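A look at the structure
Each chain, written out:
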Amino acid sequence: EHRKRFDFPDDFMPSIQHAKTVISSWNREFDSNSRFAFAVRIRNDGTLVGGCELKPKADGAANVSYWVHPRHRRKGIASRAVGLLSNEIAPRFGFSRLELLTDSDNLASRGVARNCGYAESGMRKGQVLHLLKTKPDAQQGAQPDAFGAG
């Protein structure tokens, strides 16, 4: 599914070194306020089941993206994670609008956006654009707490 939805080279092979490199870049991006990536874990045992992120835009908005491991899909985890990201975490960073793009044939992701209050607002670069207005928190810049899913 990831290879279908994202740009992975045909010869890409996952590795521990690749994972370490990606996590290190996420930490640098978080510290520089250029991307805020979060792990999605099952609350009772800490199992990593996915991830979500906010990527700031110049106009006070942020792009939202997420993924859930195939074994954990269709359990409401994506909706819970995107809901928490959109309604609890994003306002703490002061974002006034969130944008989420989905492929038009990805009905599950379109459903997640709809379940989380996003409105379909047309197309952008061949994908469905979903928008959500947010109310920035008075405590802008506060680091979010850890949130669990499930």
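Preceding this paragraph is the structure being described.
These remarks concern the structure in this document. What you see as residue numbers is a count from 1 along each chain, following the sequence as written. Residues qualify for local features only when their pLDDT is at least 70, as the model is predicted, and side-chain atom pairs are given and counted only at 80 or more; totals for whole chains, interfaces and linings, by contrast, use all residues. Calculated side-chain values reflect all of the structure's heavy atoms, with hydrogen atoms and water omitted.

Where strands meet in a sheet, backbone hydrogen bonds hold them as pairs that are either parallel or antiparallel. DSSP-based pairing: two strands are paired if at least 2 bridges between them are found. Numbered from the N terminus, helices here are DSSP runs of H or I no shorter than four residues, and strands are runs of E no shorter than two. Judged by pairing direction, the sheet is mixed, and its six strands sit side by side in the order β1-β2-β3-β4-β6-β5 without closing on themselves. With partners counted over all chains shown, the strands left at the sheet margins are β1 (36-41) and β5 (119-124), one partner each. Within the sheet, the average angular offset between the axes of one strand and its neighbour, ignoring direction, is 30°. With axes taken as lines fitted to C-alpha atoms, and helix axes fitted only over the stretch in contact, angles between N-to-C directions fall between 0 and 180 degrees.

Before going further, it helps to examine the nonpolar core. With 28 residues, the main nonpolar core has F38, L54, F93, F95, L98 and Y118 as its most contacted residues. Looking at this core, the elements with two or more residues in it are β1, β2 (48-56), β3 (61-68), α3 (77-89), β4 (97-102) and α4 (107-115). Of the residues forming this core, the biggest block, six residues, is contributed by α3. Only buried residues count toward a nonpolar core, which is a set of Ala, Val, Leu, Ile, Met, Phe, Trp, Tyr and Cys residues joined through side-chain atoms within 4.5 Å. Buried, partly exposed and exposed residues are distinguished by accessible area as a fraction of the type maximum, computed with a 1.4 Å probe on protein chains only: under 20%, between the cut-offs, and over 50%, respectively.

Think of an α-helix as 3.6 residues a turn; residues three or four steps apart then line up on the same face. Within the span of α4, buried status applies to S109, G111, V112 and A113. Here a residue-residue contact requires only that any non-hydrogen atoms of the pair lie within 4.5 Å. Tucked into the core, α4 has its buried residues touching β3, α3, β4 and β6 (127-133).

Attention now moves to the packing of aromatic side chains. Two rings belonging to Phe, Tyr or Trp (six-membered ring only in the last case) form a pair when the distance between their centres is within 6.5 Å. Interplanar angles under 30 degrees mark stacking, angles over 60 mark edge-to-face geometry, and anything in between is tilted. Summed over the entire model, instances satisfying the criterion amount to six aromatic pairs. Each ring, one from F30 and one from F38, has its centre 6.0 Å from the other, and the planes form 80°; the classification is edge-to-face. The class for F30 is buried, based on a relative accessible area of 19%. Taken together, a centroid distance of 6.2 Å and an interplanar angle of 80° make the contact between F30 and F93 edge-to-face.

Here we take up α3. In terms of burial, α3 is largely enclosed, as ten of its 13 residues are buried. Residues of α3 that are buried include every one of I77, A78, S79, A81, V82, G83, L84, L85, S86 and I89, and no others. The secondary structure elements touched by the buried residues of α3 are β1, β2, β3, β4, α4 and β6.

Geometry only, nothing functional implied.
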